[in-house]
Amino acid sequence: MNQAEQKKFDLLITGVGGQGAILASDIIGKAAVAAGLPVRAAETHGMAQRGGSVVNHIRVGEDYGSMIPKKSADLMLALEPMEAVRYLDFLKDGGIIIVNTQPVLPVTVTSGLAEYPEVSDILDTLSEKYIVKAFNADELAFEAGSRLAMNVVMVGAVSGYLPIPKETLLESVKALVPQKTIEVNLRAFEAGRQKVEES
């Protein structure tokens, strides 16, 4: 595999509005640029306001389109379990899914119109064809100092797979999160990174 091929990486970030999927993709995109890698990104929103489905395509080392073709994402970063299921057709067979196990219940569920499946069932289904790394990123963010840092926990979790140096990603976190939350976010990043290294 030549150097150029190694630097190619297709990442799909899925979540629901209000979880910070856009900031997560901005951190990775900015870091890729800083690392001198070509990057294309596209955001498609069902409803980007709280509760709607959000998906970001990030293509590192890709000179062609910004949308990841079906069945070709290397990794899916799912900030919410059902969102992992919703976009599975983008992930290549045997691809990696890093999933936050904390569900965000849609209004249809909270109002009793629909059932939310057991998270363990969702993970079992995902594990049939993909490599799954699952943990509660909301709890890790809370331990780091703020639940709002969950998206940065997830960036930390994916950091070991990206063709971008960790230091460059950390600089990007510092540049993009609010100044007073930098320490919390750096702790959140490390917590996510460690969690995936252990699993």
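Summary of the structure given here. (Residues numbered from 1 in each chain as written. Predicted model: local features only at pLDDT ≥ 70, side-chain atom pairs only at ≥ 80, totals over all residues. Heavy atoms only, no water.)

**Side note on the environment of Ile13**
Just so we agree on the cut-off: Per the convention used, a helix needs a DSSP run of H or I reaching at least four residues, while a strand needs a run of E reaching at least two, with both numbered from the N terminus. Whether two residues touch is decided by their heavy atoms; if any such pair falls within 4.5 Å, the residues are in contact.
With respect to the helices, strands and loops of the structure, Ile13 is situated in strand E1 (residues 9–16). As a C-alpha pair, Ile13 and Ala84 span 71 residues in sequence and 9.0 Å in three-dimensional space. Setting aside residues no more than four positions away along its own chain, Ile13 makes contact with Ala21, Ala24, Ser25, Ile28, Val54, Val55, Asn56, Ile58 and Leu77.

**Here's the deal with the side chain of Asn185**
Short version of the rule: Identification of polar contacts relies on pairs of N or O atoms within 3.5 Å, with a donor-acceptor requirement for protein atoms, meaning one able to donate a hydrogen and the other able to accept it, and with residues adjacent in sequence counted only if both atoms are side-chain atoms.
Position of Asn185 relative to the elements: it lies in helix H9 (residues 182–198). Here the side chain of Asn185 touches Thr181 through a polar contact of 2.9 Å, landing on its backbone oxygen. With sequence-adjacent residues up to four places away left out, Asn185 is seen in contact with Ala149, Val152, Val173 and Val177.

**Some remarks on a negative patch on the surface**
The following threshold applies: Residues with no salt bridge and a relative accessible area higher than 30% make up the patches, which join like charges within 9 Å and nonpolar side chains (Val, Leu, Ile, Met, Phe, Trp, Tyr) within 5 Å. A 1.4 Å probe and the Shrake-Rupley method give the accessible areas. Residues count as covered only by the protein chains that appear here. Put simply, a salt bridge is a Lys or Arg side-chain nitrogen that is within 4 Å of an Asp or Glu carboxyl oxygen. As used throughout, the charge tally considers Lys and Arg to be positive and Asp and Glu to be negative, leaving His and the chain termini uncounted. By convention, charge coordinates are those of NZ in Lys, CZ in Arg, CG in Asp, or CD in Glu.
Among the surface-exposed residues, Glu118, Asp121, Asp124 and Glu128 lie close enough to one another that they form a single negatively charged patch. As for its placement among the helices and strands, Glu118 is situated in the loop between helix H4 (107–110) and helix H5 (119–127).

**Structural notes on the pairing of E1**
Put simply, the test is: Exposure categories follow from relative accessible area, calculated using a 1.4 Å probe and restricted to protein chains: below 20% of the type maximum is buried, above 50% is exposed, and the middle band is partly exposed. By the convention used here, strands pair only if DSSP detects at least 2 bridges between them.
Extensive coverage of E1 is indicated by the burial of eight of its eight residues. With burial as the criterion, each face of E1 is covered, one bearing Phe9, Leu11, Ile13 and Gly15 and the other bearing Asp10, Leu12, Thr14 and Val16. Judged from the eight bridges that link them, E1 and strand E3 (residues 53–60) form a sheet pairing that is antiparallel. Bridged to Leu12 within E3 is His57. Examined bridge by bridge, E1 and strand E4 (residues 73–78) share four bridges and lie parallel to one another. Residue pairing in the sheet places Thr14 in a bridge with Ala78 of E4.

**Concerning the environment of Leu88**
Counting through the fold element by element, Leu88 comes out in the loop between helix H3 (81–86) and strand E5 (91–100). Between the C-alpha atom of Leu88 and that of Gly61, which follows or precedes it by 27 residues, the distance is 22 Å. Look past the residues within four positions of Leu88 in its chain and what remains in contact with it is Met76, Ile97, Leu126 and Tyr130.

**Some points on the nonpolar core**
Threshold: Buried residues of nine kinds, namely Ala, Val, Leu, Ile, Met, Phe, Trp, Tyr and Cys, make up a nonpolar core once their side-chain atoms join them within 4.5 Å.
The biggest cluster of nonpolar side chains holds 44 residues, and the ones touching the most others in it are Leu11, Ile28, Ile98 and Phe135. Those residues within four positions of Ile98 in sequence are excluded, and the remaining contacts are Leu75, Met76, Leu77, Ala78, Lys133, Phe135, Met154, Ala157, Val158, Tyr161 and Val196. With 20 residues, the next largest nonpolar core counts Val55, Ala73, Met76 and Ile122 among its residues.

**Re the pattern of salt bridges**
For the coordinates displayed, the defined rule picks out eight salt bridges. A salt bridge links Lys166 to Glu190; the shortest N-O distance between them is 2.9 Å. Here Glu190 lies in helix H9 and Lys166 lies in helix H8 (residues 166–176), a separation of 24 residues in the sequence. The exposure class of Lys166 is partly exposed, given its relative accessible area of 23%. Between Arg193 and Glu197 there is a salt bridge; the shortest N-O distance is 3.5 Å. On the criterion of helical spacing, the pair formed by Arg193 and Glu197 is a turn pair, its members being four residues apart in helix H9. Here Glu197 falls in the exposed class, since its relative accessible area comes to 56%.

**Concerning the packing of aromatic side chains**
The relation between two aromatic rings is expressed through the spacing of the ring centres and the mutual angle of the planes. Put simply, the rule is: The pairing test for Phe, Tyr and Trp rings, Trp by its six-membered ring, is centres within 6.5 Å, and the orientation test on the planes gives stacked under 30 degrees, edge-to-face over 60, and tilted for anything in between. Only when the NZ of Lys or the CZ of Arg is both within 6 Å of the ring centre and within 35 degrees of the ring normal is a charge said to sit over the ring.
For the structure shown, the criterion picks out zero aromatic pairs. Against the face of Phe90 rests Lys70, its NZ or CZ located 5.5 Å from the ring centre.

**Focus: the packing of helix H2 (residues 21–34) against helix H7 (residues 150–159)**
The cut-off we apply is this: Axis lines are fitted through C-alpha atoms, for helices just across the contact stretch, and the angle between N-to-C directions can take any value from 0 to 180 degrees. Here roughly perpendicular refers to angles of 65 to 115 degrees, roughly parallel to angles under 35, roughly antiparallel to angles over 145, and oblique to all remaining angles. Each crossing gets its hand from how the near helix is turned against the far one by less than a right angle, where anticlockwise is left-handed and clockwise is right-handed. Charged means Asp, Glu, Lys or Arg here, nonpolar means Ala, Val, Leu, Ile, Met, Phe, Trp, Tyr, Cys or Pro, and polar covers whatever is left, Gly included.
With their axes 9 Å apart at the nearest point, H2 and H7 run at an angle of 40° to one another. By the angle between their axes, H2 is oblique relative to H7. Crossing angle aside, the handedness with which H2 passes H7 is right-handed. Side by side, H2 and H7 meet where Leu23, Ala24, Ile27 and Ile28 of the first sit next to Asn151, Val152, Val155 and Val158 of the second. The residue makeup of the contact of H2 with H7, split by class, is seven nonpolar, one polar and no charged.

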